[in-house]
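Single-letter residue listing:
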Amino acid sequence: MGFRCGIVGLPNVGKSTLFNALTATAAAAAANYPFCTIEPNVGRVPVPDARLDKLAELGKSQKILPTQLEFVDIAGLVRGASKGEGLGNQFLAHIREVDAIAHVLRCFEGGDITHVEGSIDPIRDAETVETELMLSDMDSLEKRLPNLQKKAKTGDKEAKAALELVEPILAALRDGKAARTVKPTAEQAETYRQLQLITSKPVLYVCNVEEESADKGNSLSTKVAEMAARQGASSVVISAAIEAEISQLPTDEERKEFLGSLGLEETGLARVIRAGYGLLGLQTFFTVGPKEARAWTVRKGAKAPEAAGAIHTDFERGFIAAETIAYDDYVTLGGEQGAKEAGKARTEGRDYLVHDGDVFLFRFNV
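Fair warning: this is a prediction, and the values are worked out from it, not measured in the lab.

Asker: Which residues make up the sheet that holds strand 2 (residues 41-46), and what values go with them?
Answerer: Strand order in the open sheet made by the 6 strands is 2-4-1-5-6-7, with mixed pairing throughout. Every interior strand has two partners, whereas the edge strands, strand 2 and strand 7 (234-238), have only one. On average, adjacent strands in this sheet sit at an angle of 25 degrees to one another, irrespective of strand direction. Where strand 2 and strand 4 (residues 68-73) come together, 6 bridges link them in antiparallel fashion. Note on strand 4: the bridge partner recorded for Pro-46 is Gln-68. Strands strand 1 (4-8), strand 2, strand 4, strand 5 (100-106), strand 6 (203-208) and strand 7 of the sheet are contacted by helix 1 (residues 15-23), whose axis makes an angle of about 45 degrees with strand 2.

Asker: So what about the packing of helix 8 (residues 240-247) against helix 9 (residues 252-261)? Which residues, and what values?
Answerer: At a closest axis distance of 10 Å, the pairing of helix 8 and helix 9 adopts a crossing angle of 150 degrees. Taken as axis vectors, helix 8 and helix 9 run roughly antiparallel relative to one another. Helix-helix and strand crossings are classified by hand; for helix 8 and helix 9 the assignment is right-handed. Two secondary-structure elements touch here, helix 8 through Ile-242, Glu-245 and Ile-246 and helix 9 through Arg-255, Phe-258 and Leu-259. When the residues that make up the contact of helix 8 with helix 9 are grouped by side-chain class, the tally is 4 nonpolar, no polar and 2 charged.

Basis of the calculations
- Residues numbered from 1 in each chain as written.
- Predicted model: local features only at pLDDT ≥ 70, side-chain atom pairs only at ≥ 80, totals over all residues.
- Heavy atoms only, no water.
- Pairing = 2+ DSSP bridges.
- Helix = DSSP H or I, 4+ residues; strand = E, 2+ residues; numbered from the N terminus.
- Axes fitted to C-alpha atoms, helices over the stretch in contact; angles between N-to-C directions.
- Contact = heavy atoms within 4.5 Å.
- Parallel < 35°, antiparallel > 145°, perpendicular 65-115°, else oblique.
- Left-handed = near helix turned anticlockwise from the far one by under 90°.
- Nonpolar A, V, L, I, M, F, W, Y, C, P; charged D, E, K, R; others polar.

Structure, rendered in structure tokens:
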């Protein structure tokens, strides 16, 4: 499933360093000058989940296959991007194509990296980028408005419905508020999605701090966390420099040892990936067998046939039933057989709502 999280921010805040660490490649040139990332770089990363290892152990699975999330490294925005400054139009187009935004903010002083604004202020930086995104959305809607109004006057029902959504969003944008502050009704959800507004996307603020603050953050990242809370957004703390070092270590053992030496229990990237996953409203289900234990992604609120379709479209088309065991039952009772003997294996039908951690065996007929 192509869930994409775009990494955005001003130039030289650590976006490409973060992306390189995420994908453990040097695909993005993390150079100390603006616009070193001209085309978006895309990397698929495994979503860390300790549950999968436990299931593989109980199921005696030969292979472990985690679910994945796609990250897109988008070149640095600058003030005036909505008017085409710094290749802005190209960058804004790339952001429209992602499902959520990971906004990297520089939260450390010093160093030899030049800040494009000449000083360190993550709140100002966040507002600079958000303003450019809002201006871009405003421009997009203002171009569509006359045509919608014209069609609505002729009695066009679709145009009338779209206008009922576009007008309050435009009012919010003109008032300096993001499109996401206007909540569509269930009937408007598809129209809202088709508008492809950048500021309608959920946001995760990634606070890039100095190495000493990688665990708990610093005064700058605290300000960002407070801003995120006011917006109903999320924030995480990482040190891109540490993540870059970790990504170069060849074995899990060396990575754990390095983290331990810094007093860290897990990488910042693990937090970023999990937060991005949650931001997109996703959840995980599992399939377990002797060949492989595998994690799969499905949206929250999905029913069993949709989960089956995540594996293969034929499974959804010919769905009969889902043999289901909750993760806790599977582990507590020692695996599939133990769960069945204890009466914890259920047969669920088409209307079953998937729960995070469900272990499924799908029955289908094509």
